[in-house]
Amino acid sequence: MKFIFSTKYFADIGIHVFPIKKYIIVHQKLIAEGIITEQNILTPEPASVDDLLLVHEQRYIDDFLNLRRTPSIMRSELPISQPIVDAYLLATGGTILAARKALEDGIAVNLSGGFHHAFADHAEGFCYVNDVAIAIRCLQHEGAIQKAAVVDCDVHQGNGTAYIFQNAPDVFTFSIHQEYNYPIKQRSDIDIGLDDGVGDKTYLRHIQQVMPRILNEFQPDFILYVAGADPYKEDQLGGLSLSIDGLKQRDSFIISQCMEHQVPTALVLAGGYAFNTADTVEIHCNTCEVALECVENQTSQ
Ligand SMILES: [Zn+2]
């Protein structure tokens, strides 16, 4: 199975709660611990303007590519610079590539992505480009799939994704998130807005109830799993109180369900802002390790 990565996923955003270095550290740790080798890694191309326009409005993309500080750009909580624009284009290209590889191999991971707060016409949060929506629209545009589902487990609702696909019968959106937290909510096909501090047991029960429904009732041709690390109990921007082990169980359940139903699945890392960045990195690496284990289990059966 393939992991998509570029050192240019990192760009200088100054002192920030978003630990953008995590992409580099996750990649280093996966290699150092022998979880993946360089042969597992593919380097993405930046998303093209045509890719971006499958989801975003022309005027917004013009502003973004030309670094214009318009109100729609300034709704992001990040600075804007050429390296930042390049990092987002590359991350989006990475999610597109992961989606294509998932169709070939059953599963693939972009070691970035999950910028689910970006809307068609404006940035939000730490998200300029909605790579999740673009990758799905790309596969549909190519005729590779018809129906896709987004399984968004970031602690913050995937509001941009939900809004983009609100009238799209061919894309099912599921978001499980902390209700009383950023952002202003949009309507997904299924939203589970959890109370603060629910912990592993309640969270996993919801996941176990919803996944079979999505797989059996909607029957997607492809799943994009937004595997956010920020439901973690020591996250600075999340308050669901999940443990590292609970997050691992979440990943294991979701990925194995997708594989049992033989639905190609692309993973993106999404949020993670633990007080100790090493915890965020560990959670993301666990997601990758669990995906590899699920593939091994599948092939040994
Ligand atoms: Zn988040």
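Provided above is the structure to which this section pertains.
Engineer: Would you mind going over the pairing of strand β6 (residues 190-194) with me for this structure?
Structural biologist: Of the two faces of β6, the one lined by Ile190, Ile192 and Leu194 is fully buried and the one lined by Asp191 and Gly193 carries no buried residue. Relative to β6, strand β5 (residues 171-178) is paired through five bridges, and the arrangement is parallel. Along β6, the bridge assignment pairs Phe174 with Ile190.

Engineer: Just checking my understanding: could you explain the coordination of the zinc ion for this structure?
Structural biologist: Each angle at a metal carrying four tetrahedral donors should ideally be 109.5 degrees, and each at a metal carrying six octahedral donors should ideally be 90 or 180 degrees. Only Asp154 (OD), His156 (ND1) and Asp230 (OD) from the protein reach the zinc ion as donors, at distances of 1.9 to 2.2 Å. If you list the donors of the zinc ion from N- to C-terminus, the spacing comes out as D-x1-H-x73-D. Of the two residues, His156 is situated in the loop between β4 (148-152) and α7 (159-164) and Asp230 in the loop between β7 (222-226) and α9 (244-260); the sequence distance between them amounts to 74 residues.

Engineer: Whenever I open this one, the nonpolar core confuses me. Can you help?
Structural biologist: Generally speaking, nonpolar side chains in soluble globular proteins are found buried as a group. Counting 110 residues, the largest nonpolar core has Phe18, Tyr88, Tyr128 and Phe222 as its most contacted members. The element best represented in this core is helix α5 (residues 82-105), accounting for 12 residues. Ignoring sequence-local partners within four residues, the contact set of Tyr128 consists of His56, Tyr60, Phe64, Ile73, Ser76, Leu78, Pro79, Ile80, Ile84, Tyr88, Ala118 and Ala123.

Engineer: I keep staring at the side chain of Thr280 and nothing clicks. Help me out?
Structural biologist: On the secondary structure map, Thr280 appears in helix α10 (residues 277-300). In this structure Thr280 comes out as buried when scored by relative accessible area, which is 1%. A polar atom in the side chain of Thr280 sits 3.0 Å from the backbone nitrogen of Ala274. Leaving out residues up to four positions away in the same chain, Thr280 has contacts with Lys22, Ala229, Gly272, Tyr273 and Ala274.

Basis of the calculations
Residues numbered from 1 in each chain as written. Predicted model: local features only at pLDDT ≥ 70, side-chain atom pairs only at ≥ 80, totals over all residues. Heavy atoms only, no water. Buried < 20%, exposed > 50% of the residue type's maximum accessible area, 1.4 Å probe, protein only. Helix = DSSP H or I, 4+ residues; strand = E, 2+ residues; numbered from the N terminus. Pairing = 2+ DSSP bridges. Donors = N, O, S within 2.8 Å, 3.2 Å for Na, K, Ca; no water. Core = buried A, V, L, I, M, F, W, Y, C linked by side-chain atoms within 4.5 Å. Contact = heavy atoms within 4.5 Å. Polar contact = N/O pair within 3.5 Å; in protein donor to acceptor, adjacent residues only side chain to side chain.

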